[in-house]
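# Geometric and topological summary
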Amino acid sequence: REPKGGDRDQIKAMASGIGDIAVVNTYYVGLLLNSDNPEEVKAGQSVGIFFPNQDGRGGHINISGIGVTKYAPNKANAIKFIEFMTSEDMQKFYAANSYEYPVHKDVAPDSTVAAWGDFKIDNLDYATNPEL
């Protein structure tokens with residue numbers, strides 16, 4: 001069938017036998033696996049994670065970014081917010097609740113994410129590659 005809904009819907013469809021593969025963000029699998037809803041946990045348990053190109057260039061990643069615009073009226077507070085969001089304590093909280101990889105070098109991924117194994121990132125610079 002044509003994809004319907006979001007990432008969680010694709011995972012649930014596979015769990016119910018509709019389709020064999022779906023391209024989804026892995027953190028949605030983490031959210032399902034750690035849900036209070038037993039049916040969502042079952043859906044999360046019914047799928048596996050596959051990271052492409054791990055023996056070669058690595059796989060594409062989506063990023064969550066944060067920045068300060070040139071004319072931001074509250075630059076000092078914006079910088080404090082960035083420092084807070086990237087602090088070790090906040091990254092531990094974020095990783096444990098979003099099932100995304102932390103950006104702080106001293107923070108390990110949540111155990112759900114760590115169980116998926118290592119991930120080799122594709123370092124292709126999309127911003128400067130003229131072929132893209």
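Residues numbered from 1 in each chain as written. Predicted model: local features only at pLDDT ≥ 70, side-chain atom pairs only at ≥ 80, totals over all residues. Heavy atoms only, no water.

### Details of the overall build of the chain
Summing up its helical and strand segments, the chain has six helices and zero strands in all. Going residue by residue from the N terminus, the α and β elements of the chain occur as α-α-α-α-α-α. For the chain, whose C-alpha radius of gyration is 18 Å, the value lies well above the compact-globule estimate of 14 Å for 132 residues. The C-alpha extent of the chain, read off along each of the three principal axes, is 50 × 40 × 30 Å. Within the span of the chain, comprising 132 residues, buried residues form 23% of the whole. Long-range pairs, those at least 24 residues apart, make up 41% of the contacts in the chain with a sequence separation of at least 6. (Helix = DSSP H or I, 4+ residues; strand = E, 2+ residues; numbered from the N terminus. Rg over C-alpha atoms; globule rule 2.2 N^0.38 Å. Buried < 20%, exposed > 50% of the residue type's maximum accessible area, 1.4 Å probe, protein only. Contact = heavy atoms within 4.5 Å.)

### A short note on the side chain of Asp110
Looking at the element boundaries, Asp110 is found in the loop between helix 5 (88-98) and helix 6 (111-114). For the buried Asp110, no salt bridge exists, and the shortest N-O distance to an oppositely charged side chain is 12 Å, to Lys92. A polar contact of 2.8 Å, which involves the side chain of Asp110, links it to the backbone nitrogen of Thr112. The residues contacting Asp110, other than those within four sequence positions of it, are Ala95, Ala96 and Tyr99. (Lys, Arg positive; Asp, Glu negative; His and termini not counted. Salt bridge = Lys/Arg side-chain N within 4 Å of Asp/Glu carboxyl O. Polar contact = N/O pair within 3.5 Å; in protein donor to acceptor, adjacent residues only side chain to side chain.)

### Some words on helix 2 (residues 26-33)
Taken together, the buried positions of helix 2 are occupied by Val29, Gly30 and Leu32. For helix 2, the arc enclosing every buried residue in end-on projection is 160°, short of the 170-degree limit, so these residues lie on one face. (Arc of directions from axis to C-beta.)

### Here's the deal with the packing of helix 2 against helix 3 (residues 38-45)
Viewed as axis vectors pointing N to C, helix 2 and helix 3 meet at an angle of 135°, and their least axial separation amounts to 7 Å. For the element pair helix 2 / helix 3, the angle class is oblique. The chirality of how helix 2 crosses helix 3 is left-handed. Packed against helix 2, whose contacting residues are Val29, Leu32 and Leu33, the element helix 3 presents Glu40, Val41, Gly44 and Gln45 at the interface. Tallied by class, the residues present in the contact of helix 2 with helix 3 amount to four nonpolar, two polar and one charged. (Axes fitted to C-alpha atoms, helices over the stretch in contact; angles between N-to-C directions. Parallel < 35°, antiparallel > 145°, perpendicular 65-115°, else oblique. Left-handed = near helix turned anticlockwise from the far one by under 90°. Nonpolar A, V, L, I, M, F, W, Y, C, P; charged D, E, K, R; others polar.)

### As for the nonpolar core
Within the largest apolar cluster, eight residues are counted, these being Ile11, Val29, Leu32, Val47, Phe51, Tyr99, Val113 and Trp116. Filtering out sequence-adjacent residues up to four positions away, Tyr99 remains in contact with Tyr27, Gly30, Leu31, Asn34, Tyr94, Asp110, Thr112, Val113 and Trp116. (Core = buried A, V, L, I, M, F, W, Y, C linked by side-chain atoms within 4.5 Å.)

### Some thoughts on the environment of Phe119
By secondary structure assignment, the location of Phe119 is in the segment after helix 6. Counting along the chain gives 60 residues from Phe119 to Gly59, while the straight-line C-alpha distance between them is 7.7 Å. Not counting chain neighbours up to four residues away, the residues in contact with Phe119 comprise Phe51, Gln54, Gly59, His60, Ile61 and Tyr101.

### Some points on a nonpolar patch on the surface
Taken together, the side chains of Ile61, Ile63 and Ile121 present a nonpolar region at the surface, about 280 Å² in accessible area. One can find Ile63 in the loop between helix 3 and helix 4 (75-85). (Patch = residues over 30% accessible without salt bridge, like charges linked within 9 Å, V, L, I, M, F, W, Y side chains within 5 Å. Areas by Shrake-Rupley, 256 points an atom, 1.4 Å probe, with all protein chains shown as cover.)

### So, the side chain of Ser98
Relative to the helices and strands, Ser98 is located in helix 5. Here Ser98 falls in the buried class, since its relative accessible area comes to 12%. Here Tyr94 takes part through its backbone oxygen, which lies 2.7 Å from a polar atom of the side chain of Ser98.

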